[in-house]
2 protein chains.
Amino acid sequence: MNKIEVCFTLENFETFRNTNAAVIVVDVLRATSSICAAFVNGVNKIIPVADFSEALKYRANGYLVASEKDGIKRPEADFGNSPHNFSKENICGKDLVYCTTNGTRAIHAAAGCNGIAIGSFPNLTAVTNWAISKNCDVIIMCSGWKGRFNLEDTLFAGAICEQLLNNANYSTICDSAIASVDLWNLAKGNLSEYIKKVAQYTRLNKNGNGDCIEYCISTDTTDVVPVFNGEYLTL
Amino acid sequence: MNKIEVCFTLENFETFRNTNAAVIVVDVLRATSSICAAFVNGVNKIIPVADFSEALKYRANGYLVASEKDGIKRPEADFGNSPHNFSKENICGKDLVYCTTNGTRAIHAAAGCNGIAIGSFPNLTAVTNWAISKNCDVIIMCSGWKGRFNLEDTLFAGAICEQLLNNANYSTICDSAIASVDLWNLAKGNLSEYIKKVAQYTRLNKNGNGDCIEYCISTDTTDVVPVFNGEYLTL
């Protein structure tokens, strides 16, 4: 029996670390949703970096860079962090460096586990099937927000848990997985209404970035499953 | 307007630290429930220590010591950590050293805030009124379990939030507070059934300690509000 665990913040990941587990990294608003959007639109590879000075070094070598500070595109970057930035025209066939506060740190924190994939509502079933294909324990690593729990990642974790728990090979005794499922069951009937309660919904709208939220909570619009090979994200 | 925040693990408390806030420390199964039981039965004061070797130093000086390791009373201690250990006969008028994995560390982690009180279902309304009497921000600090989220502390946090949010002086934009309220609303209609889902329910029963759970989820059976004065817990 494979076990499912949900880690609510990347800072807590050490208490979950399990080198036998497949890790699904989640940052619904917006890093992992944006990364999926970029692969849908044909990006070649994405290098996740947590430090903007590192991103600038890549840029000096010809890479496109996506980065914001406090929700505003940095002037030195090519794009902000919204999925809407990653149109075919902008990124098809290109390499991209993606720099954010939480999501990219989460990807690096999971290094050394049995596979790391990017999860978001747009690729919910696809990323769940990726985990099932590995037939091992699963850790859903929510990025959180500056060290704190966030609701939107938790809802998505609950959606994955729901699918995994429908498979006889998976079970959980993890309180955060159980809470995620219960919260997801509360929200899923009207996710576009429930999402208005979360702090990041307010933050994004305050910065004029709320236009991406509908995309970020749209379920199963793509089959792409970006995976991290230790250096970059690829299909 | 006073804000309410919920911290799911003591290890995350630094991201919430606010010296203007009153902190309610929660370890439903079982430290804070047991501490309340001891004050109900007339304990004089309780010294919370996280390290058993420190507890033994107190014991050499005549203090009673309550401590378990992995759910079993330590042979060198006078009592385990169950509320049932703290009968009037055992502790009335005496000083007690209480040593546990999570709860006592949480109390010390909150040092320096604007008041620290012990919360549990038995003193739910009393500890909420203590917070309201301070008329300041409130942080509900769940102890968690070895660095992880736990459901029972979260449900209790939701119960406090519900009461505070019925008071016009309190509001929240904290995702963990919102999740706590939603989970509490799911559970409160049949808490004795819902609690069977939590990992600690299984752990306690496995160790033969499940007999205290009914007490630990009984709401408003006492008005005691133990507060931490920096050295010990007192009324």
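That block above? That's the structure.
Residues numbered from 1 in each chain as written. Chains lettered and ligands numbered in written order. Predicted model: local features only at pLDDT ≥ 70, side-chain atom pairs only at ≥ 80, totals over all residues. Heavy atoms only, no water.

Scanning chain A for helices and strands turns up ten helices and eleven strands. For 235 residues, the compact-globule estimate of 2.2 N^0.38 gives 18 Å, and the C-alpha radius of gyration of chain A, at 16 Å, lies within 12% of that figure. Across its three principal directions, the C-alpha atoms of chain A cover 50 × 35 × 30 Å. Across the 235 residues that make up chain A, the buried fraction comes to 59%. Long-range contacts, defined here as pairs at least 24 residues apart, represent 77% of the contacts in chain A between residues at least 6 apart. Total accessible area on chain A is roughly 8900 Å²; 47% of this is exposed by carbon and sulfur atoms. In chain A, which carries 20 positive and 24 negative side-chain charges, the distance between the mean positions of the two groups comes to 5 Å. (Helix = DSSP H or I, 4+ residues; strand = E, 2+ residues; numbered from the N terminus. Rg over C-alpha atoms; globule rule 2.2 N^0.38 Å. Buried < 20%, exposed > 50% of the residue type's maximum accessible area, 1.4 Å probe, protein only. Contact = heavy atoms within 4.5 Å. Areas by Shrake-Rupley, 256 points an atom, 1.4 Å probe, with all protein chains shown as cover. Lys, Arg positive; Asp, Glu negative; His and termini not counted. Charge placed at Lys NZ, Arg CZ, Asp CG, Glu CD.)

Before going further, it helps to spend a moment on the packing of helix H6 (residues 151-165) of chain B against helix H7 (residues 175-187) of chain B. All names here are of chain B. It is the contact of H6 with H7, at a shortest axis distance of 7 Å, that shows an interaxial angle of 100°. Taken together, H6 and H7 sit at an angle that is classed as roughly perpendicular. Within the contact between the two elements, H6 uses Leu151, Thr154, Leu155, Ala157, Gly158, Ala159, Cys161, Glu162 and Leu165 and H7 uses Ala177, Ser180, Val181, Leu183, Trp184, Asn185 and Ala187. Here the residues of the contact of H6 with H7 are counted per class, giving eleven nonpolar, four polar and one charged. (Axes fitted to C-alpha atoms, helices over the stretch in contact; angles between N-to-C directions. Parallel < 35°, antiparallel > 145°, perpendicular 65-115°, else oblique. Nonpolar A, V, L, I, M, F, W, Y, C, P; charged D, E, K, R; others polar.)

With that out of the way, let us pick up the relation of the copies chain A and chain B. Each copy superposes on the other: chain A lies on chain B with an RMSD of 0.0 Å after a rotation of 180° and an axial shift of 0.0 Å. Such a combination of rotation and displacement between the chain copies is what one expects of a two-fold axis. Relative to the rotation axis, the closest C-alpha in chain A is found at A:Leu183, a distance of 3.6 Å. A share of 100% of the interface residues of chain A reappears at the interface of chain B, consistent with the copies meeting face to face through the same patch. (Least-squares fit on C-alpha atoms with pLDDT ≥ 70 in both.)

To continue, consider the interface of chain A and chain B. Each side of the interface is counted separately: chain A has 25 residues, and chain B has 25 residues. Together, the buried faces of chain A and chain B total about 2000 Å²; carbon and sulfur atoms form 53% of this surface. Between the two partners, chain A and chain B, sit four salt bridges. A salt bridge links A:Arg148 to B:Glu5, with the nearest nitrogen and oxygen atoms 3.0 Å apart. Here chain A is connected to chain B by 14 residue pairs in polar contact (both at pLDDT 80 or more). When contributions to the side of chain A that touches chain B are tallied by element, the ones reaching two or more residues are helix H6 (151-165) and helix H7 (175-187) of chain A. (Buried area = accessible area lost by both parts, 1.4 Å probe. Salt bridge = Lys/Arg side-chain N within 4 Å of Asp/Glu carboxyl O. Polar contact = N/O pair within 3.5 Å; in protein donor to acceptor, adjacent residues only side chain to side chain.)

Okay, the packing of aromatic side chains next. Enumeration over the complete set of coordinates arrives at 15 aromatic pairs over all chains. Centre to centre, the rings of A:Phe8 and B:Phe149 are 4.9 Å apart; their planes meet at 85°, and the pair counts as edge-to-face. Taken as a pair, A:Phe8 in the loop between strand E1 (2-7) and strand E2 (22-26) and B:Phe149 in the loop between strand E8 (138-142) and H6 lie in two separate chains rather than in one. Residue classification places B:Phe149 among the buried positions, given a relative accessible area of 7%. Ring geometry for A:Tyr58 and A:Tyr63: centres 5.1 Å apart, planes at 80°, overall edge-to-face. When its relative accessible area of 21% is taken as the criterion, A:Tyr63 is described as partly exposed. What links up through ring pairs into an aromatic cluster is the set A:Phe8, A:Phe149, B:Phe8 and B:Phe149. (Phe/Tyr/Trp six-rings, centres within 6.5 Å; stacked < 30°, edge-to-face > 60°.)

Turning to the pattern of salt bridges, a few remarks are in order. Close approach of charged atoms allows side chains of opposite charge to pair. Residues and elements named next belong to chain B. Inspection of every chain in the model, using the stated rule, returns 16 salt bridges over all chains. The closest approach of N and O atoms between arginine 30 and glutamate 68, which form a salt bridge, is 2.4 Å. Of the two residues, arginine 30 is situated in the loop between strand E2 (22-26) and helix H1 (31-40) and glutamate 68 in strand E4 (residues 64-69); the sequence distance between them amounts to 38 residues. The class for arginine 30 is buried, based on a relative accessible area of 7%. Using a relative accessible area of 11% as the deciding quantity, one classes glutamate 68 as buried. The closest approach of N and O atoms between lysine 196 and glutamate 193, which form a salt bridge, is 3.2 Å. Residue classification places glutamate 193 among the partly exposed residues on the basis of a relative accessible area of 44%.

Residues and elements named next belong to chain A. Residue arginine 30 is bonded to the preceding leucine 29 through a cis peptide linkage, with omega at 15°. Positive phi outside glycine occurs at aspartate 220, with the angle close to 60°. Tracing the backbone shows aspartate 220 in the loop between helix H10 (213-216) and strand E10 (227-228). Residue classification places aspartate 220 among the partly exposed residues on the basis of a relative accessible area of 38%.

Residues and elements named next belong to chain B. Summed over the entire model, instances satisfying the criterion amount to zero disulfides over all chains. Cysteine 161 carries a free sulfur, and the closest cysteine sulfur to it, the one in cysteine 174, is 7.7 Å from it. For cysteine 161, a relative accessible area of 1% gives the class buried. (Disulfide = S-S within 2.5 Å.)

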